[in-house]
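The lines below spell out each chain.
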Amino acid sequence: QLQLAESGGGSVQTGDSLRLSCEASGEAFTWYRVAWFRRAPGKDREFVASVNWNGGGARYANFVNYRFTVSVDNAKNMAYLQMRYLKPEDTAVYYCAAGDFAKEGYTTWGQGTQVTVSP
C-alpha cells in the first residue's frame, strides 16, 4: 500500500526558494498521478501542481505563475515541488497526494509540511 511522507518545509523570507520532497513507500509511483496541495490558515485546501508518474503532463494552479516546478524521480521513489520567488501568501501546509493515473481524484495523502514565508 502506497504511503507518502513530505519533507523540506521551513521558514523563509520573501523571494527565497524551497524544495519540498515527497517520499513514496510501500509502492512505487508507477501508474500514479502525483500532486501537491496546500492549506493556508483559515482557508480551504487548494491544488498547487501535479505530474504523471512518468514525468509528463505537469499542471499548475494559476497562482503558481511559473514560480514552481513539479517533478518525479522514479529511481528514488521521490516527487518534488521546487518553489522559487516565494511570497507571504504561499504560507501554508503543503501536502503530497497520489491517485490512480487513469482515475479522477487522489486516494493517498501525506501528513504535510509547513512552509512559512515572512515579508
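My aim in this report is to walk through the structure given alongside it, one point at a time. (Residues numbered from 1 in each chain as written. Predicted model: local features only at pLDDT ≥ 70, side-chain atom pairs only at ≥ 80, totals over all residues. Heavy atoms only, no water.)

## Remarks on the overall build of the protein chain
Note the following rule: Numbering goes from the N terminus for both helices and strands, where a helix is a DSSP run of H or I of at least four residues and a strand is a run of E of at least two. Our radius of gyration is a C-alpha quantity, and the globule rule it is checked against amounts to 2.2 Å times the number of residues to the power 0.38. Type-normalised accessible area, obtained with a 1.4 Å probe on protein chains alone, sets the label of each residue: buried when under 20%, exposed when over 50%, and partly exposed for intermediate values. Should any heavy atoms of two residues lie within 4.5 Å, those residues are considered in contact. All accessibility values rest on the Shrake-Rupley procedure with a 1.4 Å probe; residue burial counts only the protein chains present in the view. Just so you know, the count uses Lys and Arg for positive and Asp and Glu for negative, and it drops His and the chain ends. To locate a charge, take NZ of a lysine, CZ of an arginine, CG of an aspartate or CD of a glutamate.
What the protein chain contains, in helices and strands, is 0 helices and 11 strands. Counting helices and strands in the order they occur from the N terminus, the protein chain gives β-β-β-β-β-β-β-β-β-β-β. Against the globule reference of 14 Å for 119 residues, the protein chain gives a C-alpha radius of gyration of 13 Å, in line with a compact fold. Counting the 119 residues in the protein chain, one finds 42% classified as buried. Considering only residue pairs separated by 6 or more positions, the protein chain has 53% of its internal contacts joining residues 24 or more positions apart. Of the roughly 6,500 Å² that the protein chain leaves accessible, carbon and sulfur atoms contribute 45%. Within the protein chain, one finds 12 positive and 11 negative side-chain charges whose respective centroids are separated by 4 Å.

## Regarding unusual backbone geometry
Despite not being glycine, Trp31 shows a phi value in the positive range, around 70°. Within the fold, Trp31 resides in the loop between β3 (18-25) and β4 (32-39). With a relative accessible area of 56%, Trp31 lands in the exposed category. Located in the positive-phi region is Tyr66, a residue other than glycine, with phi close to 70°. Secondary-structure assignment places Tyr66 in the loop between β6 (59-60) and β7 (68-73).

## Observations regarding the nonpolar core
Short version of the rule: Residues belong to a common nonpolar core when they are buried Ala, Val, Leu, Ile, Met, Phe, Trp, Tyr or Cys residues joined through side-chain atoms within 4.5 Å.
If you look at the biggest cluster of nonpolar residues, it comprises 31 residues, and the most contacted ones within it are Leu4, Phe29, Trp36, Val48, Leu81, Met83 and Tyr94. If you list the elements that add at least two residues to this core, you get β3, β4, β5 (45-52), β7, β8 (78-83), β9 (92-100) and β11 (113-118). Residue contacts for Met83: discarding those within four places in its chain leaves Asp16, Ser17, Leu18, Leu20, Arg67, Phe68, Tyr94 and Val115.

## Here we look at the state of the cysteines
Keep this limit in mind: Note on terminology: pairs of cysteine sulfur atoms within 2.5 Å are recorded as disulfides.
With the rule as written, the count across this model stands at 1 disulfide. Covalent S-S linkage joins Cys22 and Cys96, the inter-sulfur distance amounting to 2.0 Å. Between Cys22 and Cys96, the S-S torsion sits near -75°, and that sign places the bridge as left-handed. Highlighted residues: Cys22 in strand β3 and Cys96 in strand β9, separated in sequence by 74 residues. Here Cys22 matches Cys96 in class, with each residue buried.

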